[in-house]
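Listed below are the residues making up each chain.
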Amino acid sequence: MGSLSTKLSGENRNVNENPHNGIVQPDLGILLLGLPLSGKSTIFRQLTLLHKGEYDEESLKLLTPVIVHNTLTSICNILQFLTDSNSLNLLEDPQTSDDARTLLEFEKNISEKRVSDDIWDCIERLWANKLIRQSVDKFDHNEYFLLDSACYFLDNVSRIRDPFYKPNNNDVMRYYIRTTGFHELNINLKNQNKSTVKVLDCGSDQRRWVHALNSRFREKVVVFCVSLSDYNLMRYRDQHINRLHFSLTLFESLLKKVDENVPIVLLLNKVDIFQQKLEKISLKVCFPDYEGSDVVEEACQFIRQKFEVSSEIEGREIYSFVTCAIDLESSGTLWENILGCSSISEGGFSTVE
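What you are looking at is a predicted structure, and each value in this text was computed from that prediction instead of being measured.

Parameters at a glance
By convention here, each chain's residues receive numbers from 1 onward along its written sequence. In keeping with the predicted nature of the model, local features appear solely for residues at pLDDT of at least 70, side-chain atom pairs appear and are counted solely at 80 or more, and the whole-chain, interface and lining totals rest on all residues. Calculated side-chain values reflect all of the structure's heavy atoms, with hydrogen atoms and water omitted. For two strands to pair, DSSP has to find at least two bridges joining them. Here a helix means four or more residues in a row that DSSP labels H or I, a strand means two or more in a row labelled E, and each is numbered from the N terminus. Fitted lines through C-alpha atoms give the axes, limited to the stretch in contact for helices. The angle between two N-to-C directions lies from 0 to 180 degrees. We call two residues contacting when some pair of their heavy atoms lies within 4.5 Å. Salt-bridge detection follows one rule: a side-chain nitrogen of Lys or Arg within 4 Å of a carboxyl oxygen of Asp or Glu. Burial here depends on accessible area, computed with a 1.4 Å probe over protein chains only, as a share of the maximum for the residue type. Under 20% is buried, over 50% is exposed, and the range in between is partly exposed. How sure the predictor is of each residue is captured by pLDDT, a score from 0 to 100. For this analysis, a ring pair means two rings from Phe, Tyr or Trp (six-membered ring only for Trp) whose centres lie within 6.5 Å, classed as stacked if their planes differ by under 30 degrees, edge-to-face if by over 60, and tilted for the remaining angles.

1. Overview of the sheet that holds strand β6 (residues 318–322)
Strand order across the open sheet formed by 6 strands is β2-β3-β1-β4-β5-β6, with mixed pairing between neighbours. The open sheet is flanked by β2 (183–188) and β6, the only strands paired with a single partner. The mean inter-strand angle of the sheet, taken between neighbouring strand axes irrespective of direction, is 20 degrees. The pairing of strand β1 (residues 28–34) with strand β4 (residues 220–227) spans 6 bridges and is classified as parallel. Following the sheet pairing, I30 is matched in β4 by V221. Sitting on the sheet, helix α13 (residues 296–313) is in contact with β4, β5 (264–269) and β6, with an inclination near 165 degrees to β6.

2. Examining the environment of D118
With respect to the helices and strands, D118 occurs in helix α5 (residues 117–127). In the structure, D118 is positioned 16 residues away from T102 in sequence and 9.7 Å away in space, judged by C-alpha atoms.

3. Overview of the pattern of salt bridges
Counted according to the given criterion, the structure contains 16 salt bridges. Its salt-bridge partner being E124, residue R161 comes within 3.0 Å of it at the nearest N-O pair. Here E124 lies in helix α5 and R161 lies in the loop between α8 (157–160) and α9 (169–174), a separation of 37 residues in the sequence. The salt bridge partner of R133 is D155, with a shortest N-O separation of 3.3 Å. Taken together, the residues R133 in helix α6 (residues 130–135) and D155 in helix α7 (residues 150–155) connect sequence positions 22 residues apart.

4. Here's the deal with unusual backbone geometry
Residues other than glycine seldom take positive phi values, yet L37 does so here, at roughly 70 degrees. Taking the relative accessible area as the measure of exposure, L37 reaches 24% and is therefore partly exposed.

5. Some words on the confidence of the model for the chain
Reading fine detail from the predicted coordinates is not recommended where pLDDT is low. Summing up the model confidence of the chain, the mean pLDDT is 85 and the portion of residues at 70 or higher is 86%. With pLDDT under 50 throughout, residues 1–22 is counted as low confidence; its partners more than four residues away or in other chains account for 61 contacts.

6. Notes on the packing of aromatic side chains
Tallied over the full model, the rule gives 10 aromatic pairs. Both rings, one in Y231 and one in F274, keep their centres 5.3 Å apart while their planes meet at 85 degrees; by these two values the pair is edge-to-face. One end of the pair, Y231, is in the loop between β4 and α11 (243–257); the other, F274, is in helix α12 (residues 271–278), with 43 residues separating them in the sequence. What makes F274 buried here is its relative accessible area of 0%. Between F251 and F307, the aromatic rings sit 5.3 Å apart at their centres with planes inclined by 70 degrees, giving edge-to-face as the arrangement.

Structure (structure tokens):
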């Protein structure tokens, strides 16, 4: 399973360090930027499904072991958290304890082993345990990594373990694999001028973004993705810096680097997870000056204003949207709005070839 991350890094096409690659340039370049786990790749998949309709059989075949790996690492990370917090001893059932030990041992060489029926049985029994399910609400996301879609995949274990399993669109929108290099998607619009659009997922390495920002397009739109659900989390590399604060700092830096004639779109993503968190954790943990309620619309507006103030200081107008990247039903409207920030909006993404 480990080797598949290399194959999948070419999803659509990895153009590495050269975004324009010497090819005749499209009418519009849409550049997706943002911190790791902000949802850039999911936004990119939105458009891929909107444009191409469905992933082909070969792509789905490559995705299957990645989703299996996501499922296995999700339950193992939960078990590791319980082990380190001395909570596994609360699981009095000997079968549950044995299953936990079996999985954690298996996880040490997870990329080199076939997932047997016995392992799948362990996962299903463990996820059926009420205490293990409840531990997700107490999970320490600052010390341990857990996919946003961990519960989704574990809830679908009976389907994923099937030898003839084929990922559906919801699975495609939720899998995780680290993005490396640039990924591109080329689209032809059926508008009057038959405009061409290239969408670039620019990865999370900020040092490479300069290559994308200097790309030779007739027109560009920069889309900056922010995870709203980061408001109570710290950076993995620096536990003293709040992730949402860092996104705001990075956005302020980006405003200085993007040409004045290039529209900037701010996507406030993961509003679904944000809403769930607000029921338990106040936005004040991130912004002590917040005096509003923990109603999601009010909290989103406050965060939006934080970014808008930064843009006003730089004398820039931004277009901002609150979104849930895994929501395929709203993807068409979102991309119509993004495209509408350019001068070639006639035709829209709903009429791609």
